[in-house]
Amino acid sequence: MRYRFLPFCLIFLMSWGVACTKKNVPSVTRPDFSADSAYAFVARQVQMGPRVPGTTAHDECAIYLIQTLERMGASVEQQRGMMTNYEGKDLPVRNIIAHFGSRDLNNRILLAAHYDTRPWSDEESEYERRFLPIDGANDGASGVGVLLEVARQLGIQQHDTAANIRGIDIIFFDCEDYGTPSFYTGQERQDTWCLGSQLWTDLLKYRRETYQFGILLDMVGAPDATFPKEYYSVQYAHNYVELIWKTAQQLGYSHLFVQQKEYPIVDDHYYINTLANIPCVDIIHYNRNTDTGFPFWWHTQQDNMQHIAVSTLQAVGEVVMKVIE
Ligand SMILES: [Zn+2]
């Protein structure tokens, strides 16, 4: 993903920044979620190597995700298609879509993350290093890891209650992070990020599913993570932003889910909101103390397992589980 309209963000930062000082007192029942399990799912992906589209590790990861979701009790579909990359070339895209709970096509909940990783470390300060692919422990694998554990819990619930749970679809998008690299000198194209979600919204036109809302997870594993309210999420899915941040507060996680609004980010939720008209919220780590607005390891070689914390995975996982229960 990348940020957009940076000059505007300064205005938002000045006018919208409100610090939350509420005390963290858990006042609700904690849902079942094992962050150790989520951590293992993150580590398993990173072990495969960078999941860059077109590589063996990427294929291996797609197969691993399909088999794991099926083993957990989901019915899994793949959506394959071709999108145009930043250079104007064809890029094969493979989205993975898992269905849980009720078969009712109406009013489903959508949970999503991207499983591809960025082919470059284009935020590295040293020029030569910018051409190396990233581990993507946070940027990619963390969201997928949390959702695989959510999937495992849904599989258990589904088994226990004979499919009495509501319809939930978990989508692992491909080619989110294939956007124009910062060192590219050719002609700039529009919409080069989030190719998987753009392809999916196209497919949706021919299908009968409708969704009540969606939650996208991106970079949700760092020990020092903070999740302010992303601009497009507030614009298109205000009620669900409030629901999610309120739930986080009730579970005692308002130090992570901060009461602060932030500048717009083009992530998969942007196309889900604008092309599919599904209100979708992006839970994403910002860091105001860096030049990019993202954590220091973002799109660098340092996006590795050293910056994954069980405590953050637990918080995000519980919040998601609570919101969808
Ligand atoms: Zn990224």
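Residues numbered from 1 in each chain as written. Predicted model: local features only at pLDDT ≥ 70, side-chain atom pairs only at ≥ 80, totals over all residues.

Visitor: Hey, could you run me through unusual backbone geometry in this one?
Guide: Peptide bonds are mostly trans, and most non-glycine residues show a negative phi. Even without a glycine there, the phi angle at Met219 is positive, about 60 degrees. Assignment of secondary structure puts Met219 in the loop between strand 6 (211-218) and strand 7 (229-230). For His299, which is not glycine, the phi dihedral falls at a positive 55 degrees. The class of His299 is buried, set by 23 C-beta atoms lying within 10 Å. (Helix = DSSP H or I, 4+ residues; strand = E, 2+ residues; numbered from the N terminus. Buried ≥ 20, exposed ≤ 12 C-beta atoms within 10 Å, placed from the backbone.)

Visitor: What's the story with the packing of helix 4 (residues 137-160) against helix 8 (residues 310-324) in this structure? I'm lost.
Guide: Relative orientation and spacing of two packed helices are given, respectively, by the angle between their axes and the distance between those axes. Contact geometry of helix 4 with helix 8 gives a least axis separation of 10 Å together with a crossing angle of 50 degrees. The orientation of helix 4 relative to helix 8 falls into the category oblique. The interaxial crossing formed by helix 4 with helix 8 has right-handed handedness. Each of Ser142, Gly145, Val146, Glu149, Val150 and Gln153 in helix 4 lies in contact with helix 8, whose residues at this interface are Leu313, Val316, Gly317, Val320 and Met321. When its residues are assigned to classes, the contact of helix 4 with helix 8 shows 6 nonpolar, 4 polar and 1 charged. (Axes fitted to C-alpha atoms, helices over the stretch in contact; angles between N-to-C directions. Parallel < 35°, antiparallel > 145°, perpendicular 65-115°, else oblique. Left-handed = near helix turned anticlockwise from the far one by under 90°. Contact = placed C-beta atoms within 7 Å. Nonpolar A, V, L, I, M, F, W, Y, C, P; charged D, E, K, R; others polar.)

Visitor: Explain the nonpolar core here, please?
Guide: In globular proteins that are soluble, nonpolar side chains generally tend to be buried together. Judged by nonpolar contacts, the single largest core of 90 residues is most densely connected at Leu111, Leu147 and Ala151. Looking at this core, the element that brings in the most residues is helix 4, giving 9 residues. Beyond its immediate stretch of four places on either side in the chain, Leu111 contacts Leu147, Val150, Ile168, Ile170, Ile215 and Val320. (Core = buried A, V, L, I, M, F, W, Y, C linked by C-beta atoms within 7 Å.)

Visitor: It is not clear to me how the packing of helix 2 (residues 35-47) against helix 8 should be interpreted in this structure. Could you clarify?
Guide: For the pair helix 2 and helix 8, interaxial distance at closest approach is 8 Å and the crossing angle is 110 degrees. Between helix 2 and helix 8, the interaxial angle falls into the category roughly perpendicular. The two elements helix 2 and helix 8 meet at a crossing, and its hand is right-handed. Here helix 2 contributes Ala35, Asp36, Ala38 and Tyr39 to the contact with helix 8, which in turn contributes Val310, Leu313, Gln314 and Gly317. Classifying every residue of the contact of helix 2 with helix 8 gives 5 nonpolar, 2 polar and 1 charged.

Visitor: Before we go on, may I ask you to explain the pairing of strand 6 in this structure?
Guide: On a regular strand, each side chain points to the face opposite its neighbour's, so the side chains alternate between the two faces of the sheet. For strand 6, the tally of buried residues reaches 7 of 8 residues, placing the bulk of the element in the interior. Relative to strand 6, strand 4 (residues 108-114) runs parallel, the two being bridged by 5 bridges. Each bridged residue has a counterpart across the sheet, and for Leu110 the counterpart in strand 6 is Gly214. Pairing geometry for strand 6 and strand 10 (residues 280-284), over 5 bridges, is parallel. Considered in strand 10, the bridge of Ile215 is made with Val281. (Pairing = 2+ DSSP bridges.)

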